Amino acid sequence: MNPSRWLAWLRRHDPGLFALRRAGRTAIVMPASFALGDKVIGNATLATFAAFGAFAMLLLVDFGGTMRDRLQAQVGLAVVGAVFVCVGTLASRDPWLAAGAMAVVGFGVLFSGVVSSVLAGASTSLLLAFILPVTLIGPASSIPDRLAGWGIAAGAAFLAVWLLWPAPARSPLRRPAIEACRALAARLRADVAFVEGNGTVSADERAAAVDRATAAVATLHRGFLATPYRPTGLNTAARTLVRLVDELGWLNAIALQAGVHPAPSAVNRAACAVKAAAAGVLEQGAMLLEVVGGDPTPLRVALADLGGRLDALERIATVDLPVRRVTVAGATPEEDPPVSEFLSALDPSFRAQELSFAVTQIGNNIDLTAAAERRSWLERLLGREPAGVPTQRQAAQERAAAHVERHSVWLHNSVRGAIGLGLAVFVANRTGVQHSFWVVLGTLSVLRSNALNTGQNVVRGVLGTVAGFVVGAVLLALIGTNSTLLWFLLPLAILLAGVAPAAISFAAGQAAFTLTLVILFNIIQPAGWRVGLLRVEDIAIGCAVSLVVGLLFWPRGAAAALGQALSEAYLDSASYLAKAVNFGMLRCDSAAQSAGPTAMPPPIPPTEDAQRAAAASRRLDDTFRAYLAERGAKPVPLAEITGLVTGVAGLRLAADAVLDLWQRDDGQAIGDRTAARGELLTSSARVYGWYRELAVTLLDGQRVGDPLEHDIPADGRLVEAVRHDLRGADGRASATAVRMIWTGDHLDAARRLQAVLVQPARAASEQRALSTLASLGPLAGVLPAAWRDWARSHTRR
């Protein structure tokens, strides 16, 4: 294979050459650090910690973001690793204490990954920093040598990340978010031009703009799901940027829904002006995202313009709404316009209001992202956040609290990993193996989120280790223990160990790592092929521990938890929507506005419900990622499961929109609002009831009910209540009347979402009923076909 073809093959299997970059740095730094400790300083302990420290800080982790972010993360990893070296050494002399400490540290490291993608990406490196000292039994007097080795590795790793083939600044979401903003802006402008009929945009051009926007949003969402954990850290810019994924997806759904509604006979110029202003916000937001810490003035001007256009739209809606007209004395009252005319008159304005809320959220988050990036070094050090953004501590608490819940897959994986690592340390100490940390590394490398994947990795890990042992034995048989040749081969083996897992397979990576260890330990103390045999034995013990733990603790993994996570997310989001509607109805309640002894206290926004819905969404996101990462066939088509997952965001953001709608109300409604409030609360209860039933069926495998039908008589009652009770002396509808109609439209949007969810929900519910067969164990083989037929009929009742 010529070099160009080899490089092309490598680029296909290692996009961006990130694995090659890590492996190349490690192949230079790890042997150099090891040589400094072994040959120059002459301290085997220092050399061992320098070598494995370089391995941990260069090969097992690859921080993203700007160079400053990466170097800060490297320093943090070095400091925490140094603490772990000290604690692990102190705990190493007592087997029970060592196992307990490993379990506690393992849980802390694994669970902390839920707080930040930086911590999640560094979890293996941090665990290795504790595994090495806690399994290499040593007195407290050995801590200085161990710390010196770790410090040499940390300094070399810092310089390598900074100077050796530095990776370009990368954010998996920023560029796709920019493209999505621009595509959606172009789509909105095409909509406006087409509706206004000025001849500048044809129907085909408009359709092409729609397709480009949908494709851009889909690319953003794929990038968001491409990593095994949420691609966001605790820094403010990352936290605000990740919100754009749901918001841009929701905006595209709103635009698509608006496109299927028939256009009114007369063009609503105010609604078109709002759309054009929203496009301006998206364009300015994309420009601001392209420059780190750029000037937000153009974006803020665009947001102010959008706000002004929306206010004008609300005023015009109250004027143009076809309520009963006021007549002069003695004249015959005009007939009320039909309900359909009333609703169609407000439909364009509602679509524009819904769209403007989504775009405003997007613009504000982009503004906060830029504000966070403009902070000085001192402001970052002191933790000063832009106004309206929670502190890093608050964000960490919210994320961790979301997963302190018995159904959380992240919690399950953390507990499983902690038990596995602690048990591996205990078994390694009790069996007296020569290289006990290999046992723990074996456990760490193959333990996965379910028993099936763990078992598959056990087979791959053992086979890869045997292959590495065979290659190492043949190599040593040919060259003997010639240290010069071993030093020459060490960088090549490290390079292969770094590239093989990404470019070839997990088993190939295990083989290359085994070969690296055979060479490394023959340099330290020549023992020939026996080192490889010990490696095979130790890995087999570690894999056995992983298999036992995987079978005993949540063996079905994320697939079993996905239905629970979906159920909780839909239930909490629907409850939040119902509470937001109730807040709006209390907001315009006359008793809440009046003074005196009968006055009610002002309504409290459903903040706790919003936080609970957001927490359930985060758990669902992490569960879905774990589900995607698990090998094996997906019983429900992935597109349908993805539709269920994204539907949660639409429901929750609809609740945000209702809450924002009523928080902007001045609370000075005129007329009697009792009838209109009753209709909206009844409609809210219907929508909430359907989603509550959906949540139940996702758990018990029952058949999901049909979507709610459009309640046209209820629309008529709401219209009559608004038309007769919520108008001024001049016959115009009040702003509260418009908000009530718009609230009904938000509820109707949540109702229409049901039609999209029913089919995938039924498939998921049926599969959940069928999956009970697997839990019956050996009994399941008695009458599997009959049981399956019964389960299908049961879910279709």
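Computed from a prediction, not measured in an experiment: that's the story for all the values here.

S.K.: Whenever I open this one, the overall build of the protein chain confuses me. Can you help?
M.R.: Looking only at helices and strands, the protein chain features 30 helices and zero strands. When each of the 797 residues of the protein chain is scored for burial, the buried share is 52%. Expressed as a percentage of contacts within the protein chain between residues at least 6 apart in sequence, the contacts between residues at least 24 apart total 81%. Within the structure as shown, the protein chain displays about 33,400 Å² of accessible surface, and the carbon and sulfur contribution to it stands at 62%.

S.K.: Could you clarify how one ought to interpret helix H7 (residues 123–135) in this entry?
M.R.: Count 3.6 residues to each turn of an α-helix, and residues three or four apart come out pointing the same way. Compared with an ideal rise of 1.5 Å per residue, which puts 13 residues at 18 Å, H7 spans 18 Å between its outermost C-alpha atoms and is within 8% of the ideal. With 12 of 13 residues buried, H7 lies mostly within the body of the structure. Within H7 the residues assigned to the buried category are Ser-123, Ser-125, Leu-126, Leu-127, Leu-128, Ala-129, Phe-130, Ile-131, Leu-132, Pro-133, Val-134 and Thr-135.

S.K.: It is not clear to me how unusual backbone geometry should be interpreted in this structure. Could you clarify?
M.R.: Only a minority of non-glycine residues have a phi that is not negative, and only a minority of peptide bonds are not trans. At Trp-165, a position not held by glycine, the phi torsion is positive, near 45°. Topologically, Trp-165 is positioned in the loop between helix H8 (143–163) and helix H9 (174–196). You can call Trp-165 partly exposed: its relative accessible area is 42%.

S.K.: Where do I start with empty space enclosed by the protein in this structure?
M.R.: Following the criterion strictly, the structure yields two cavities of 30 Å³ or more and no others. Empty space within the second largest cavity amounts to approximately 80 Å³. Residue lining of the second largest cavity: Arg-22, Arg-25, Met-57, Leu-58, Val-61, Asp-62, Phe-63, Arg-70, Gln-74 and Val-161, and that is the complete set. Put simply, the parts of the chain that give the lining of the second largest cavity at least two residues each are helix H2 (18–41), helix H3 (44–59) and helix H4 (67–91).

S.K.: Explain H4 to me, please; I cannot follow it from the model alone.
M.R.: Its 25 residues give H4 an end-to-end C-alpha distance of 36 Å, which sits within 8% of 36 Å, the value for a rise of 1.5 Å per residue. Residues of H4 that are buried: Arg-70, Leu-71, Ala-73, Gln-74, Leu-77, Ala-78, Gly-81, Phe-84, Val-85, Gly-88, Thr-89 and Ala-91. At its buried positions, H4 is contacted by H3, helix H5 (95–112), helix H6 (117–121), H7 and H8.

S.K.: I would appreciate a short explanation of the confidence of the model for the protein chain in the present structure.
M.R.: Detail in the predicted coordinates should be disregarded across regions flagged by low pLDDT. Here the protein chain averages 80 in pLDDT, and 79% of its residues register 70 or above. Across the protein chain, the secondary-structure element scoring lowest on mean pLDDT is helix H30 (residues 784–795), at 38, and the one scoring highest is H8, at 96. pLDDT under 50 marks residues 323–335. Its contacts with residues more than four places away, or in other chains, come to 21 contacts. Here residues 772–797 scores under 50 on pLDDT; set against residues more than four positions off or in separate chains, the count is 23 contacts.

S.K.: Would you take a moment to explain the pattern of salt bridges for this structure?
M.R.: Once the charged atoms of two side chains with opposite charge are near each other, the side chains can pair. Enumeration over the complete set of coordinates arrives at 22 salt bridges. Here Asp-305 ties to Arg-309 by a salt bridge, and the two come within 3.4 Å at their closest N and O atoms. Of the two residues, Asp-305 and Arg-309 are both situated in helix H13 (residues 297–320); the distance of four residues between them amounts to about one turn of the helix. The exposure class assigned to Arg-309 is partly exposed, which follows from its relative accessible area of 39%. Note that Arg-612 and Asp-609 form a salt bridge whose closest N and O atoms lie 3.0 Å from each other.

S.K.: In this structure, what is going on with the packing of aromatic side chains? I would like to understand it.
M.R.: Aromatic rings in a pair are described by how distant their centres are and how their planes are angled relative to each other. By the definition in use, this model includes nine aromatic pairs. Ring centres 4.6 Å apart and planes at 50° place the aromatic pair Trp-96 and Phe-426 in the tilted group. Note that Trp-96 is positioned in helix H5 and Phe-426 in helix H17 (residues 409–431), a separation of 330 residues in sequence. Clustering of aromatic rings is evident, with ring pairs tying together Tyr-570, Trp-690 and Tyr-691. Directly above the ring of Phe-224 sits Arg-625, whose terminal nitrogen or CZ lies 4.3 Å from the centroid.

S.K.: So what exactly am I meant to see when it comes to the packing of H2 against helix H20 (residues 483–503) here?
M.R.: Contact geometry for H2 and H20: axes closest at 8 Å, N-to-C directions at 145°. Regarding H2 and H20, the two cross each other, and that crossing is right-handed. Contacts between H2 and H20 involve Ala-19, Leu-20, Ala-23, Gly-24, Thr-26, Ala-27, Met-30, Pro-31, Phe-34, Ala-35, Asp-38 and Lys-39 from the former and Trp-487, Leu-490, Pro-491, Ile-494, Leu-495, Gly-498, Val-499 and Ala-502 from the latter.

S.K.: What should I look at first to understand the nonpolar core in this one?
M.R.: Note that soluble globular proteins tend to have their nonpolar side chains buried in a common cluster. Judged by nonpolar contacts, the single largest core of 104 residues is most densely connected at Leu-248, Leu-282, Tyr-570, Leu-577, Tyr-691 and Leu-694. Of all the elements, helix H23 (residues 557–587) adds the most residues to this core, at 14 residues. Those residues in contact with Leu-282 that sit more than four places away from it in its chain are Cys-181, Leu-184, Ala-185, Leu-188, Leu-251, Val-359 and Ile-362.

S.K.: Can you walk me through the environment of Thr-682 in this structure?
M.R.: Take Thr-682: it is sitting in helix H27 (residues 674–700). By relative accessible area, Thr-682 is classed as partly exposed at 47%. With 32 residues separating them in the primary sequence, Thr-682 and Ala-714 have C-alpha atoms 9.1 Å apart. Polar side-chain contacts of Thr-682 include one of 2.8 Å to the backbone oxygen of Gly-678.

S.K.: How do you make sense of the packing of H3 against helix H21 (residues 506–524) when you look at a structure like this?
M.R.: Helix packing geometry: the angle between the two helix axes and the distance between the axes. Between H3 and H21, the least distance of the axes is 12 Å, while the angle of their chain directions is 160°. In terms of their interaxial angle, H3 and H21 are classed as roughly antiparallel. Crossing of H3 over H21 shows right-handed handedness. Only Phe-513, Leu-517, Leu-520, Phe-521 and Ile-524 of H21 make contact with H3, whose side of the interface consists of Thr-48, Phe-52 and Phe-55. A class-by-class count of the residues in the contact of H3 with H21 yields seven nonpolar, one polar and no charged.

S.K.: I'm lost on the side chain of Asp-572 in this one. Help?
M.R.: With respect to the element layout, Asp-572 can be found in helix H23. In this structure Asp-572 is buried but unpaired, with Arg-619 as the nearest side chain of opposite charge at 4.4 Å. Dropping the residues within four chain positions of it, Asp-572 is found in contact with Arg-612, Ala-613, Ala-616 and Arg-619.

S.K.: How should I be thinking about the environment of Ala-238 in this particular structure?
M.R.: Within the secondary structure layout, Ala-238 lies in helix H11 (residues 236–259). Sequence separation between Ala-238 and Arg-174 is 64 residues; the distance between their C-alpha atoms is 9.4 Å.

S.K.: Mind showing me how you'd approach the environment of Pro-166 here?
M.R.: Tracing the chain through its elements places Pro-166 in the loop between H8 and H9. Pro-166 gets classed as partly exposed once you look at its relative accessible area, which sits at 40%. Setting aside residues no more than four positions away along its own chain, Pro-166 makes contact with Arg-21, Arg-25, Met-67 and Val-161.

Scoring rules and cut-offs
- Residues numbered from 1 in each chain as written.
- Predicted model: local features only at pLDDT ≥ 70, side-chain atom pairs only at ≥ 80, totals over all residues.
- Heavy atoms only, no water.
- Helix = DSSP H or I, 4+ residues; strand = E, 2+ residues; numbered from the N terminus.
- Buried < 20%, exposed > 50% of the residue type's maximum accessible area, 1.4 Å probe, protein only.
- Contact = heavy atoms within 4.5 Å.
- Areas by Shrake-Rupley, 256 points an atom, 1.4 Å probe, with all protein chains shown as cover.
- Expected span 1.5 Å × (residues − 1).
- 1 Å grid on protein atoms, 1.4 Å probe; cavity = no way out; pocket = protein on both sides within 12 Å on 5 of 7 lines; lining within 4 Å.
- Points joined across faces, edges and corners; volume = space filled by probe spheres on them.
- pLDDT = per-residue confidence, 0-100.
- Salt bridge = Lys/Arg side-chain N within 4 Å of Asp/Glu carboxyl O.
- Phe/Tyr/Trp six-rings, centres within 6.5 Å; stacked < 30°, edge-to-face > 60°.
- Lys NZ or Arg CZ within 6 Å of the ring centre and 35° of its normal.
- Axes fitted to C-alpha atoms, helices over the stretch in contact; angles between N-to-C directions.
- Left-handed = near helix turned anticlockwise from the far one by under 90°.
- Core = buried A, V, L, I, M, F, W, Y, C linked by side-chain atoms within 4.5 Å.
- Polar contact = N/O pair within 3.5 Å; in protein donor to acceptor, adjacent residues only side chain to side chain.
- Parallel < 35°, antiparallel > 145°, perpendicular 65-115°, else oblique.
- Nonpolar A, V, L, I, M, F, W, Y, C, P; charged D, E, K, R; others polar.
- Lys, Arg positive; Asp, Glu negative; His and termini not counted.

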